[in-house]
Amino acid sequence: MNAQSPRQDPYVWNGTTYRTLLSPEDTGGAMSIVHGVAGPLEGPPTHVHDAEDETFLVLSGVMDFDVDGIRFRRGPMETAFVPRGTPHTFRTGPEGATCVTVLTPGGFEGFFAEMAAGGFELPRDIAAVGATAARYNSRIIGPGMARHG
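Keep in mind that this is a model prediction, so the values were computed, not measured.

Section: the packing of helix α1 (residues 109-118) against helix α2 (residues 126-135)
So, point 1. Two numbers describe how α1 lies on α2: the axes approach to 10 Å, and their chain directions differ by 150°. With respect to each other, α1 and α2 are oriented roughly antiparallel. The interaxial crossing formed by α1 with α2 has right-handed handedness. Contacts between α1 and α2 involve Phe111, Glu114 and Met115 from the former and Val129, Thr132, Ala133 and Arg135 from the latter.
So, point 2. When grouped by side-chain class, the residues that make up the contact of α1 with α2 number four nonpolar, one polar and two charged.

In structure tokens:
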């Protein structure tokens, strides 16, 4: 375990620039922290993480969430918590958004890096995105709130 590892180079996927701030290697697998800067009206398909809780801290802009059918908005310095096993999606506001996401335990951040490295696009590559998500103990279950394509 490293006391402090250097920040990883940013990578871009699905309209968001990601940077892993704290990796599972730094925490003995306990968590990871990812910084994301997303453009307007961006977001993922509706999905479920079977292994991780996910906590969002919005730093700028707004994000609209749908967590298990409950819709709500969060703005700067507001949080949203998604327990593992819960269907969820989100969409950034018309100005985009910046947030920090804490994944507990860590590990799922590798999904974003794989998506960026593979150049996958939504909705074109949804089958490949779903197959990769499954390797990270996640399932895509619907289209989400953002419009892709």
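Re α2
So, point 1. All of the buried residues along α2 are Val129, Thr132 and Ala133. Down the axis of α2, the sector holding all buried residues measures 105°, keeping them to one side. Along α2, exposed side chains directed more than 90 degrees from the buried face belong to Ala127 and Arg135.
So, point 2. Here the buried face of α2 lies against β1 (11-13), α1 and β9 (138-142).
So, point 3. Phi for Asn137, located one or two positions after α2, is positive at around 60°.

Thresholds, definitions, all that
- Residues numbered from 1 in each chain as written.
- Predicted model: local features only at pLDDT ≥ 70, side-chain atom pairs only at ≥ 80, totals over all residues.
- Heavy atoms only, no water.
- Axes fitted to C-alpha atoms, helices over the stretch in contact; angles between N-to-C directions.
- Helix = DSSP H or I, 4+ residues; strand = E, 2+ residues; numbered from the N terminus.
- Parallel < 35°, antiparallel > 145°, perpendicular 65-115°, else oblique.
- Left-handed = near helix turned anticlockwise from the far one by under 90°.
- Contact = heavy atoms within 4.5 Å.
- Nonpolar A, V, L, I, M, F, W, Y, C, P; charged D, E, K, R; others polar.
- Buried < 20%, exposed > 50% of the residue type's maximum accessible area, 1.4 Å probe, protein only.
- Arc of directions from axis to C-beta.

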